[in-house]
Amino acid sequence: MTLPNPRTTFLLVFLIVAFLLGSAFYLEYARGLEPCKLCITQRVMLLGIGLISLVAFLHNPATIGRRVYGLLVSIWALGGLYFAGRQLWLQSLPEGQVPACGPSVSYMLEAFPMADVLKALLTGDGNCAEVQWTMMGLSIPGWSAIGFAGLILFGGWQAFRKAR
């Protein structure tokens, strides 16, 4: 079986990430689901993976470049998996242990120092513990965790696959 070339697989990852981000915006704007702080952070991780994949597709690098891009995808996906895991942890807490809800990100950007906004985006709050949507028993961060795990594997495969 012939594996697709690295350029094609980076394009495929870019298109998948574009679909996933489009789905997130659909849930937000068409279905009215308000993203929490950790959801926004996970979107940033996906955007980073998409941009890396697009650059890798356009660059069409040789072996060393492919390895660098693959490792960058894995690193960003590892970050995304961490934030999805944190949100799943918040969702699993008993009601009395859930942290207090904070203000929206848009308000925080207007009224708080950037360091406080970044801390909130990296740690989440009580809003992140709310399960707004599920599919086949998994919440959005559960599906995100599966996707990020797949992207970690993809990046490692790209980095260490045999050159043709």
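Residues numbered from 1 in each chain as written. Predicted model: local features only at pLDDT ≥ 70, side-chain atom pairs only at ≥ 80, totals over all residues. Heavy atoms only, no water.

Asks: Which parts of the structure should I look at to understand the packing of helix α1 (residues 6–29) against helix α2 (residues 37–59)?
Replies: In a pair of packed helices, the angle between the axes and the distance between the axes together describe the arrangement. Where α1 meets α2, the closest approach of the two axes is 8 Å, and the angle between their N-to-C directions is 150 degrees. Comparing their axes, α2 and α1 come out roughly antiparallel. For the pair α1 and α2, the sense of crossing is left-handed. Here Arg7, Phe10, Leu11, Val13, Phe14, Val17, Leu20, Leu21, Ala24, Phe25 and Glu28 of α1 lie close against α2, whose contacting residues are Arg43, Leu46, Leu47, Ile49, Gly50, Ser53, Leu54, Ala56, Phe57 and Leu58. Of the residues that constitute the contact of α1 with α2, the class distribution is 16 nonpolar, 2 polar and 3 charged. (Axes fitted to C-alpha atoms, helices over the stretch in contact; angles between N-to-C directions. Helix = DSSP H or I, 4+ residues; strand = E, 2+ residues; numbered from the N terminus. Parallel < 35°, antiparallel > 145°, perpendicular 65-115°, else oblique. Left-handed = near helix turned anticlockwise from the far one by under 90°. Contact = heavy atoms within 4.5 Å. Nonpolar A, V, L, I, M, F, W, Y, C, P; charged D, E, K, R; others polar.)

Asks: Looking at this structure, how should I read the UniProt feature "transmembrane region" (unreviewed entry) in the protein chain?
Replies: If you check UniProt for "transmembrane region" (unreviewed entry), the listed places come out as residues 40–59, 68–85 and 140–160 in our numbering. The span residues 40–59 shows a helical share of 100% and a strand share of 0%, and its end C-alpha atoms are spaced 28 Å apart. What you have in residues 68–85 is 100% helix and 0% strand, and the ends, taken at the C-alpha atoms, are 25 Å apart. (UniProt positions renumbered as here; feature names shortened; annotations may be inferred.)

Asks: Before we go on, may I ask you to explain the packing of aromatic side chains in this structure?
Replies: Any pair of aromatic rings gets described here by the distance separating the centres and the angle formed by the planes. Counted by the stated rule, this structure contains 6 aromatic pairs. Summarising the aromatic geometry, the rings of phenylalanine 10 and phenylalanine 154 are spaced 5.7 Å apart at their centres and angled 90 degrees between planes, so their arrangement reads as edge-to-face. With phenylalanine 10 in helix α1 and phenylalanine 154 in helix α6 (residues 140–160), this residue pair connects regions lying 144 residues apart in the sequence. Owing to a relative accessible area of 12%, phenylalanine 154 belongs among the buried residues under this scheme. With centroids separated by 6.1 Å and ring planes inclined at 50 degrees, the aromatic side chains of phenylalanine 154 and tryptophan 157 adopt a geometry described as tilted. Of this pair, phenylalanine 154 and tryptophan 157 both sit in helix α6, 3 residues apart, which is roughly one turn of that helix. A relative accessible area of 30% places tryptophan 157 in the partly exposed class. Members of the aromatic cluster, connected to one another through ring pairs, are Phe10, Tyr69, Phe154 and Trp157. (Phe/Tyr/Trp six-rings, centres within 6.5 Å; stacked < 30°, edge-to-face > 60°. Buried < 20%, exposed > 50% of the residue type's maximum accessible area, 1.4 Å probe, protein only.)

Asks: Please explain α2 as it appears in this structure.
Replies: It helps to recall that an α-helix has 3.6 residues per turn; residues three or four apart then point in one direction. Taking 1.5 Å as the rise per residue, α2 with 23 residues should run 33 Å; its terminal C-alpha atoms sit 33 Å apart, in good agreement. Just downstream of α2 lies asparagine 60, where phi reads positive at about 50 degrees. (Expected span 1.5 Å × (residues − 1).)

Asks: Please clarify how the nonpolar core should be interpreted in this entry.
Replies: Nonpolar side chains in soluble globular proteins tend to end up buried together. Formed by 26 residues in total, the largest nonpolar core has its most connected members in Phe10, Ile49, Phe148 and Leu151. Breaking this core down by element, the ones donating at least two residues are α1, α2, α3 (63–92) and α6. The dominant element in this core, judged by the number of residues it contributes, is α2, at 8 residues. Within the second largest apolar cluster, 5 residues are counted, among which are Val105, Val117, Ala120 and Leu121. (Core = buried A, V, L, I, M, F, W, Y, C linked by side-chain atoms within 4.5 Å.)

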